[in-house]
Structures are given as C-alpha cells and as structure tokens.
Amino acid sequence: MSNLTPAQVVETLSKIGRDIDETTDTIATLDEEMVLARKAFKKEHARRFLTTEGSNDVRRYTADYETSDLSFELEVVEQKHRAAVGHLRSLRDRLEIGRSISALVRLEWGVS
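Residues numbered from 1 in each chain as written. Predicted model: local features only at pLDDT ≥ 70, side-chain atom pairs only at ≥ 80, totals over all residues. Heavy atoms only, no water.

Q: Hey, could you go over the side chain of Ser102 for me, with residue numbers and the actual values?
A: Mapped onto the elements, Ser102 comes out in helix H3 (residues 68-109). Assessed through its relative accessible area of 13%, Ser102 is described here as buried. In this structure Ser102 touches Val9 and Leu13, once residues within four positions along its chain are discounted. (Helix = DSSP H or I, 4+ residues; strand = E, 2+ residues; numbered from the N terminus. Buried < 20%, exposed > 50% of the residue type's maximum accessible area, 1.4 Å probe, protein only. Contact = heavy atoms within 4.5 Å.)

So this is what it looks like as structure tokens:
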C-alpha cells in the first residue's frame, strides 16, 4: 500500500504537532499585535476627529485621512492573523490525514 514505516509516520505526526504548537504561539503573538494596533488606530482616530474643526463629515474624513497609515497597519496585522489561523486549520487537517494513514500503516505492518 505505501512505503511508509511506522517510524516515519510517527516522525511526520510529531512534526505536524510541533508546527501546530509554533502556529498557536504565532497566533497568540498576532492577537496581541492586533489588539495594540487597533488601540493605537482608534485612539489616534478619535484624537484627530476631536481636534479637527468643521462639520462632522469634515472631521471624520480628516481623521480617516490622517490615520490611514495606522488603519493600514491594523489591516496587515489582521491579515497575518487570518493567514495564521488558516495555516493552523490546514495543519489540523494534515494531522487527521496522518492519523488515518497511521492506522492503515499499522494494519499493513500487522501492528495494532
């Protein structure tokens, strides 16, 4: 059926487990970065809005314009977070596939 040995399956599953741990740590770091970026953006946007003269529309658009870099930084962190979560889902799918293969390899090798 396959050329995999039980040891190779265990090695592969262990690597996937380590990758899951690393990705989980990355997501935690990105969560913190996202919270800090959102705080910086909202605080500066509110400050710019409150200190600008004119109608509400002028104040809002001025605040939007003047905080566009912070908004972009927030979007980048959010995108990195989404990518890491997607990667984690992919790793979990690979782990499930690996478990299925492991069962088949055990059956093929007569190990239960």
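Q: Lay out the nonpolar core in plain terms, naming residues and giving numbers.
A: Counting 11 residues, the largest nonpolar core consists of Val9, Leu13, Ile16, Ile20, Ile27, Leu30, Ala84, Leu88, Leu91, Leu95 and Val105. Of all the secondary-structure elements, those providing two or more residues to this core are helix H1 (6-51) and H3. The leading source of residues in this core is H1, at 6 residues. When near neighbours in sequence (up to four residues on either side) are disregarded, Leu88 contacts Ile20, Thr23, Thr24 and Ile27. (Core = buried A, V, L, I, M, F, W, Y, C linked by side-chain atoms within 4.5 Å.)

Q: With reference to specific residues and values, describe the packing of aromatic side chains.
A: All told, the structure shown has 0 aromatic pairs when counted by the stated rule. Directly above the ring of Phe49 sits Arg59, whose terminal nitrogen or CZ lies 4.4 Å from the centroid. For Arg60, the ring lying beneath its charged end belongs to Tyr61, and the centroid distance is 4.6 Å. (Phe/Tyr/Trp six-rings, centres within 6.5 Å; stacked < 30°, edge-to-face > 60°. Lys NZ or Arg CZ within 6 Å of the ring centre and 35° of its normal.)

So, to be careful, I would describe these as geometric facts and stop short of saying anything about function.
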